[in-house]
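# Structure assessment
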Amino acid sequence: MTKKMSMSTSKTSLVLFLCQIISALDVPLDSKLLEELSQPPTITQQSPKDYIVDPRENIVIQCEAKGKPPPSFSWTRNGTHFDIDKDAQVTMKPNSGTLVINIMNGGKAEAYEGVYQCTARNERGAAVSNNIVIRPSRSPLWTKEKLEPNHVREGDSLVLHCRPPVGLPPPIIFWMDNAFQRLPQSERVSQGLNGDLYFSNVQPEDTREDYICYARFNHTQTIQQKQPISVKVFSMDSLNDTIAANLSDTDIYGAKPVTERQPVLLTPTGSTSTKVELRGNVLLLECIAAGLPTPVIHWIKEGGELPANRTFFENFKKTLKIIDVSEADSGNYKCIARNALGSVHHVISVTVKAAPYWITAPRNLVLSPGEDGTLICRANGSPKPSISWLANGVPIAIAPEDPSRKVDGDTIIFSHVQERSSAVYQCNASNEYGYLLANAFVNVLAEPPRILTPANKLYQVIADSPALLDCAYFGSPKPEIEWFKGVKGSILRGNEYVFHDNGTLEIPVAQKSNAGTYTCVARNELGKIQNEVQLEIKDPTMIIKQPEYKVIQRYGQVSFECIIKHDSTLLPTVTWLKDNDELPDDERFLVGKDNLTIMNVTDKDDGTYTCIVNTTLDSVSASAVLTVVAAPPTPAIIYARPNPPFDLELTGQLERSIDLSWIPGDENNSPITSFVVEFEDALHEPGVWRYQTEVPGTQTMAQLKLSPYVNYSFRVIAVNRIGRSQPSEPSEQYLTKSASPDENPANVQGIGSEPDNLVITWEPLKGFQSNGPGLQYKVSWRQKDVDDEWTSVIVANVSKYIVSGTPTFVPYEVKVQALNDLGYAPEPSEVIGHSGEDLPMVAPGNVQVHVINSTLAKVHWDPVPLKSVRGHLQGYKVYYWKVQSLSRRSRRHIEKKILTFRGNKTFGMLPGLEPYSSYKLNVRVVNGKGEGPASPDKVFKTPEGVPSSPSFLKITNPTLDSLTLEWGSPTHPNGVLTSYTLKFQPINNTHELGPLVEIRIPANESSLILKNLNYSTRYKFYFNAQTSVGSGSQITEEAVTIMDEAMASRQVDIATQGWFIGLMCAVALLILILLIVCFIRRNKGGKYPVKEKEDAHADPEIQPMKEDDGTFGEYSDAEDHKPLKKGSRTPSDRTVKKEDSDDSLVDYGEGVNGQFNEDGSFIGQYSGKKEKEPAEGNESSEAPSPVNAMNSFV
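Throughout this description, residue numbers start from 1 for each chain and increase along the sequence as written. Reporting in this predicted model follows two pLDDT cut-offs: at least 70 for local features of residues, and 80 or more for side-chain atom pairs to be given and counted; totals over whole chains, interfaces and linings ignore these cut-offs and use all residues. Working from all heavy atoms in the structure, the side-chain values ignore hydrogens and water.

### Digging into the overall build of the chain
For clarity, the cut-off: Secondary structure is summarised from DSSP: a helix means a run of H or I of at least four residues, a strand means a run of E of at least two, and numbering begins at the N terminus for each. Residue exposure (1.4 Å probe, protein chains only): buried if accessible area is under 20% of the type maximum, exposed if over 50%, otherwise partly exposed. In this description, contact between two residues means that some pair of their heavy atoms is separated by no more than 4.5 Å. Per-residue accessibility takes into account occlusion by the displayed protein chains alone, with areas from the Shrake-Rupley method and a 1.4 Å probe.
Helices and strands together make up the secondary structure of the chain, namely 8 helices and 85 strands. Across the 1194 residues of the chain, 40% fall into the buried class. Long-range pairs, those at least 24 residues apart, make up 65% of the contacts in the chain with a sequence separation of at least 6. Of the roughly 64600 Å² of accessible surface on the chain, a fraction of 51% belongs to carbon and sulfur atoms.

Quick look at the structure:
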């Protein structure tokens, strides 16, 4: 009982003690101060814990540390001291602990496998690195094996095993053919996580002899190849043909057709399995199933939801991927494989364990003698990690005792520390899955106060603005800060002032009365120091007369005023802007002390003019608008360009300047506005003239700035409103002395071309900019936001340098400095560049599709984390393709379409979709390197639309009172057809339309017989299809019922006789001869007496055939006096085909349709038809055809 009470009392006192601990000192980042203060070692850079090295290259084990005094370094290997001096292959970099093991000159990487640890030590303590495990990478060859061909029946499942050799690190597996083309993968055929190739069901097209598994070992950049695997798929048709060839006709044969099968899991096997994954890793779960039709995989988490924004589906949803897993992701995950015949499932029990991770890592302590402090080391994991402490690399239990130190589990408590208490402590948190090692030093310093702000610093503030007076300080113990005004003033207190923890005094609203001397006093038990600063309060700057709105005539003069009032001790600068930009470089703009004057105003001077007044402490501005209107016309004057200047003279020669004077040429009625001075460098660019300067037209002399190491010649060009004069004659030459460069290269950039490099480019200096011989460039770089030194090289005659071995897409500070034989240019400015980009790692998540109408959809997605882009985000690409038409249920060749959306856009429109179809899409992020992985395919469907027109409409089997209509369904139904609509109406002899009849026809019909029609009548038909959305476009056609079945029968009887056919051939030959004769006579200018014959005859109508005596009526050609009209043949199926022959008899007349009966004789119309033409004949809308005319002769 007494023991329990004492333990309780000690815990209570510990809590009270921790509540009273004084916070540790903050050391300002002042370079001079940091150089003077002693500091234990701190590890700044080290190699990774698991370090796989290339066995062909030197091994570099990094260990960098800082401290005051600089630390020394030592190493252990496999727990014992590693004597570097005894191994000629091992060296340590100067002023560093980094080891370089020389492999390229005889060493073997396998001999240096082991666990390495670095110790950095100085008089204040020792810091240690992690245990660094060195292992050389391995890429072994494939074991030789005899692979038998795979003979598989169509529809069965198949697994092609890869079984790659075990390498370090494990290889990346992929399948290719002999042509080094990746084998296509789909929902049916895909690669598993173990590298095997799975076929849910094989098809005849899977037959091939070059299934090759490749293993790529990235560390050694080698690829190993397995022997090709042959697959032969036997289809049911080929089996039936083989069986049939060996059986008689009486035998019953036929292999069983391909049978559909419900899903069976190929991997994993059984109904349940387990999986252990570590916190923060990527969880990959896989289910691949066999079956026909191909099964579809679906994933769920039992008793919960899949984590949003961290869940991805890969390998056609066969792989579930959850990134950055935590303990909350433990549970049962079920994959379900389903097809039309059934389903199968598998449950994977996932347990998430955790290597140790920090809750509170120990932090460095800077204490004063006699102060208290704590080091806290708290970590979590699964299982719970154990905490152990070391002091200067030695377990704390056997380390030298320190009476000010007490260890309580994950906390070390320091009481009344002394300078000898300075040390580096290591906290090790470990469990079966890993460990964490952190160094934290305790630095006990006894330092009198120091004030880091410069003495007598002057602060100037505008009245009514805040004033901040700095008093940066350091001391140990932490000094107390007090402020006084004046030499003998009292301590400042009250709401008028704000006292900041860093020593700064703030006066929120400074007035004239606050001006004066302020004293900052810092004191601790080791001393006292003070510093004085000066505060001046200035009057604000004001514009007391602002510019006003002006309207001025063209070619007039205008002035804007800007009168200011300012503090007498501040020097104001007045700047004028036009439309928020600099004034035009034109001598017409005259800037005075209090005004801006514009001479000879033109239309382009129209705009807003702003006066800006700046001092070192404040800025004010005011604006006014100028409107230019037309001026009255003036008499025309002939203007010309000025004559060139002459008599150029050089005077006042100095190393960096010279005076040039000249005499102007004639102005030619237009005043000279300016003179342009150009120069030639005969040393570097002979014959090339470059711009030097420009002076107003009132000047005839210019003082020119010169560059070293240039052989100058000058010429002058006069300019007026008309243009530029010819150049003057060149001046005498003047050679300047050499000097170091004045400027550095421009346009410095750092852009990586590969994921592991940085390409630094710049614009090289021109010859006259070199200032002397031996021009070179010093190229420097270092990684941004990392405490690292500059790395530099000196190059010449190039404008690019490539830095290799960089991390992927990290910022770098880059600078390029010019130098020559006489020295360096000024220190260049730094630019920020980036090392090379790599392909993005993460696909966009939460892809959603909103279907707007039958041809348009909108897609949304969540942006990917910027860190996973691994490059400059350029945008997103949406891949989408049609899977099948919902009305036809037939797949077609997949043609993927791509839309690109620039920038960080998270939505886009998908135009041009086909109605009533099933689509899939995925989204990929794009950077400068290329595309990232695709998001899981998203399926969406478009609603129905109106159909296209029927594919054809044919009219056959005409009788006296009926016609047969046949049609084809629309090429693009765009939905489920509900019906067809037929409309028709008769056409009379004058092509006028009769009443319209409408018939609704079921969608499953493809023909219709129309009865009760009028004989020998032309009809026009309009035909279209409907869906639930509406009617589609229509197709039209025309047809004629026959006039008399008896006449048609007789015509058939005659037309089938041999003598009639011979007679028709003879008549055709005679007509052809007559046509040739007519053509020859017309070409000779002769007259063909057709008109006279026509005038001698009446124009009776065609007489019908007399049925009672079998004789024929008289025939008269009533059309010879009309222009010839070209017709077209129309076949019996009513589809129109153009005839190209000019010799057809149809070209010479139009007649009633010749018709034969159903025994195969002619029934269609012979002559062509044209809509809306006047009728030529008696009771038909068409003129008599030549065929009927010939029949009437018989």
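### What about the nonpolar core?
Spelled out, the test is: Nonpolar cores were defined as sets of buried Ala, Val, Leu, Ile, Met, Phe, Trp, Tyr and Cys residues, with membership established by side-chain atoms within 4.5 Å.
If you look at the biggest cluster of nonpolar residues, it comprises 29 residues, and the most contacted ones within it are Ile59, Ile61, Trp75, Ile101 and Tyr116. Within the residue set of this core, elements represented by two or more residues are strand E3 (59-61), strand E4 (63-68), strand E5 (72-77), strand E8 (99-101), strand E9 (114-122) and strand E11 (132-136). Ranked by the residues each element gives to this core, the list is headed by E9, at 3 residues. Leave out the neighbours within four places in its chain, and Ile59 touches Val53, Leu99, Val100, Ile101, Ile103, Ala109, Tyr112 and Ile134.

### A closer look at the sheet that holds strand E63 (residues 734-735)
Going by this rule: Only strands that DSSP links by at least two bridges are regarded as paired with each other.
With respect to topology, 4 strands assemble into an open sheet ordered E60-E59-E62-E63, the strand pairing being antiparallel. This sheet does not close on itself; its edge strands, each paired only once, are strand E60 (685-696) and E63. With 8 bridges joining them, strand E59 (residues 674-681) and E60 adopt antiparallel strand pairing. The residue bridging Ser674 from the neighbouring strand is Pro696, located in E60.

### Digging into the pattern of salt bridges
Side chains that differ in charge, positive against negative, can pair when their charged atoms come close. Quick reminder of the rule: A pair is scored as a salt bridge if a Lys or Arg side-chain nitrogen falls within 4 Å of a carboxyl oxygen belonging to Asp or Glu.
Within the structure shown, the criterion is met by 39 salt bridges. With its nearest N and O atoms 2.7 Å apart, the salt bridge here joins Arg208 to Asp210. Owing to a relative accessible area of 13%, Asp210 belongs among the buried residues under this scheme. For Lys737, the salt bridge goes to Glu655, with nearest N and O atoms at 3.9 Å. Of this pair, Lys737 sits in the loop between E63 and strand E64 (746-751) while Glu655 sits in the loop between strand E57 (646-651) and strand E58 (657-663), and the two are 82 residues apart along the sequence.

### Things to note about the state of the cysteines
Worth spelling out the cut-off: Our working definition of a disulfide is a cysteine sulfur pair at a distance within 2.5 Å.
With the rule as written, the count across this model stands at 6 disulfides. Across the disulfide from Cys377 sits Cys427; the S-S distance is 1.7 Å. Looking down the S-S bond of the Cys377 and Cys427 bridge, the torsion is -65 degrees, so its handedness is left-handed. On the criterion of sequence distance, the pair formed by Cys377 in the loop between strand E30 (373-376) and strand E31 (378-382) and Cys427 in strand E36 (residues 423-431) is long-range, its members being 50 residues apart. Since its relative accessible area comes to 0%, Cys377 is described here as buried.

### As for the environment of Glu205
Summarising the element assignment, Glu205 is placed in the loop between strand E16 (197-199) and strand E17 (208-217). The class for Glu205 is exposed, based on a relative accessible area of 59%. The spatial distance from the C-alpha of Glu205 to the C-alpha of Ser235 is 10.0 Å, given a sequence separation of 30 residues.

### Here's the deal with a nonpolar patch on the surface
Condition: Patch building starts from residues that exceed 30% relative accessible area and form no salt bridge, then joins like charges within 9 Å and nonpolar side chains (Val, Leu, Ile, Met, Phe, Trp, Tyr) within 5 Å.
Judged by side-chain polarity, Leu1069, Leu1070, Leu1072, Ile1073, Ile1076, Val1077, Phe1079 and Ile1080 come together as a nonpolar surface patch covering roughly 770 Å² of accessible area. When you line up the elements, Ile1080 lands in helix H6 (residues 1058-1083). Its relative accessible area of 41% is what places Ile1080 among the partly exposed residues.

### Thoughts on the pairing of strand E56 (residues 619-629)
With 4 bridges joining them, strand E48 (residues 550-553) and E56 adopt parallel strand pairing. Each bridged residue has a counterpart across the sheet, and for Gln553 the counterpart in E56 is Val629. Joining the antiparallel neighbours strand E55 (residues 607-614) and E56 is a turn of 4 residues.

### Focus: the sheet that holds strand E73 (residues 856-862)
Just so we agree on the cut-off: To obtain each axis, a line is fitted to C-alpha atoms, and for helices this fit is confined to the stretch in contact; angles are then taken between N-to-C directions over 0 to 180 degrees.
Spatial strand order, E72-E73-E76: 3 strands in an open sheet with antiparallel pairing. Strands with a single pairing partner mark the edges of an open sheet, and in this sheet they are strand E72 (845-853) and strand E76 (907-910). Here the strands of the sheet are splayed against their neighbours by 20 degrees on average, with no regard to which way each runs. With 4 bridges connecting them, E73 and E76 associate as antiparallel partners. Among the inter-strand pairings, Lys858 is bridged to a residue of E76, identified as Met909.

### Details of the packing of aromatic side chains
To keep things clear, this is the line we draw: Note on aromatic contacts: the rings of Phe and Tyr and the six-membered ring of Trp form a pair at centre separations within 6.5 Å, being stacked when their planes are under 30 degrees apart, edge-to-face when over 60 apart, and tilted otherwise. A positively charged side chain is recorded as over a ring if its NZ (Lys) or CZ (Arg) lies within 6 Å of the ring centre. The angle to the ring normal must also be within 35 degrees.
Taken as a whole and judged by the stated rule, the model has 21 aromatic pairs. Aromatic side chains Tyr919 and Phe940 sit 5.6 Å apart centroid to centroid with 15 degrees between the ring planes, which places their arrangement in the stacked category. Highlighted residues: Tyr919 in strand E77 (residues 917-927) and Phe940 in strand E78 (residues 938-941), separated in sequence by 21 residues. Here Tyr919 and Phe940 have matching classes, each one buried. Cluster of aromatic residues (ring-pair linked, three or more members): Phe174, Phe180 and Tyr214. Note that Lys815 overlies the ring of Trp790, its terminal NZ or CZ placed 4.3 Å from the centroid. Between Lys905 and the ring centre of Phe907, over which it is positioned, the NZ or CZ distance is 5.0 Å.

### Here we look at the pairing of strand E23 (residues 288-292)
Summarising burial for E23: 5 of the 5 residues are buried, a large majority. A two-sided burial pattern is seen for E23, the buried positions comprising Ile288, Ala290 and Leu292 on one face and Ala289 and Gly291 on the other. Two elements, strand E20 (residues 261-267) and E23, share 4 bridges in a ladder whose sense is antiparallel. Within the sheet, the bridge partner assigned to Arg261 lies in E23 and is Leu292.

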